[in-house]
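An overview of the molecular structure
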Amino acid sequence: MTLPFFYSSNYSEGQKQIDLDEDSSRHVVQVLRMKAGEQLNLTDGKGHLLTCEIIDANKRHCTVGVTGSRLSTHGSRRITIAISLLKNRNRFEWFLEKATEIGVSEIIPLICERTEKEKFRHDRMNAICISAMLQSQQSWLPVLQEPVEFNKAVIGSSAGKKFIAHCGEGTKSQLTLPDQQAGNQLPDSYRDNQSSIILIGPEGDFTPGEIELALQKGFIPVSLGDTRLRTETAGVVAAGFLCLG
């Protein structure tokens, strides 16, 4: 039987006891009705997967003891999706959920020239990522950054591979799975690089000036297919290509 899976941000490597937060404690004790001596799984979102035994089944601050631990790898690639905020918050939250399930390493909300600014509640958005991590039984939580202006994200990126997906004219490489051969292929030097970032624009796309700046900073224009995608769909498609390809 699969053990219940929970998240704790206050784990330090080698720690023997952990106090769960109030929400997790309530779920363990009141919802699942677990008792002292029963086991659960716990992750810190940084790769540690812990097997724990309940010591004190308190509904406000349940205490567990660590009986086993292992560090899971995050794969060989670090994938960053830098994506414009959306006026429809539900659509952006859907993207966060799916990108987390796919295994993205970092998410950067962008403020572009055509972004219709929406209030960004980092605590709520991060909670969605945590929920998706637990649902998909992962031990790595993507780093969710605070919103940043497009120019700063482009100029400050140190990723080995840099892509921009846009709908404008011009030659574009195909961001495809390795066994697909259609269209212009990416440079050979990009194939084994371990870190990458892709820029996904708002409704209305990036402005010509934004595209030009990205190209000047070494971003390669790429296509995500033959159809015009919503922002959140484009983000998920890009995550799939880069994480699973």
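Quick caveat, the model's predicted, so the values are computed rather than measured. (Residues numbered from 1 in each chain as written. Predicted model: local features only at pLDDT ≥ 70, side-chain atom pairs only at ≥ 80, totals over all residues. Heavy atoms only, no water.)

1. Section: the sheet that holds strand β5 (residues 63-71)
The strands making up a sheet associate through hydrogen bonds between their backbones, and the pairing can be parallel or antiparallel. Rules: Strand pairing is defined by DSSP finding a minimum of two bridges between the two strands. Starting at the N terminus, helices and strands are each numbered in turn, a helix being any DSSP run of H or I of at least four residues and a strand any DSSP run of E of at least two. Think of each axis as a best-fit line through the C-alpha atoms, taken over the contacting stretch in the case of a helix, with angles from 0 to 180 degrees between the N-to-C directions. Contacts are assigned to residue pairs with any non-hydrogen atoms lying within 4.5 Å of each other.
With mixed pairing, the 5 strands of this open sheet are ordered in space as β1-β3-β4-β5-β2. This sheet does not close on itself; its edge strands, each paired only once, are β1 (5-7) and β2 (17-19). Within the sheet, the average angular offset between the axes of one strand and its neighbour, ignoring direction, is 40°. The pairing of strand β3 (residues 39-43) with strand β4 (residues 48-56) spans 5 bridges and is classified as antiparallel. Directly across from L40, in β4, lies its bridge partner C52. The strands touched by helix α1 (residues 22-31) within the sheet are β1, β3 and β4, with β1 carrying the most contacts at an inclination of about 160°.

2. Here's the deal with unusual backbone geometry
Operational definition: Exposure is judged per residue with a 1.4 Å probe applied to protein chains only, and the accessible area is read against the type maximum: over 50% gives exposed, under 20% gives buried, and values in between give partly exposed.
Even without being a glycine, Q137 presents a positive backbone phi close to 55°. Here Q137 is to be found in the loop between α3 (122-135) and β8 (143-144). Looking at Q137, the relative accessible area reads 46%, which means it is partly exposed. In the Ramachandran plot, D205 falls in the positive-phi region, its phi being about 75° despite a non-glycine side chain. Residue placement: D205 occurs in the loop between β12 (195-200) and α5 (208-216).

3. Digging into the pattern of salt bridges
Stated precisely, the cut-off is as follows: Between Lys or Arg on one side and Asp or Glu on the other, a salt bridge is scored when a side-chain nitrogen of the former is within 4 Å of a carboxyl oxygen of the latter.
Counted under the stated rule, the structure contains 12 salt bridges. Linking E203 and R91 is a salt bridge whose minimum nitrogen-to-oxygen distance equals 3.3 Å. Remark: R91 occurs in helix α2 (residues 89-102) and E203 occurs in the loop between β12 and α5; sequence separation between them is 112 residues. Taking the shortest distance from any N to any O, the salt bridge between E93 and R124 comes out at 2.6 Å. On the criterion of sequence distance, the pair formed by E93 in helix α2 and R124 in helix α3 is long-range, its members being 31 residues apart. Through salt bridges with shared partners, a single ionic network connects E22, D23, R26 and R60.

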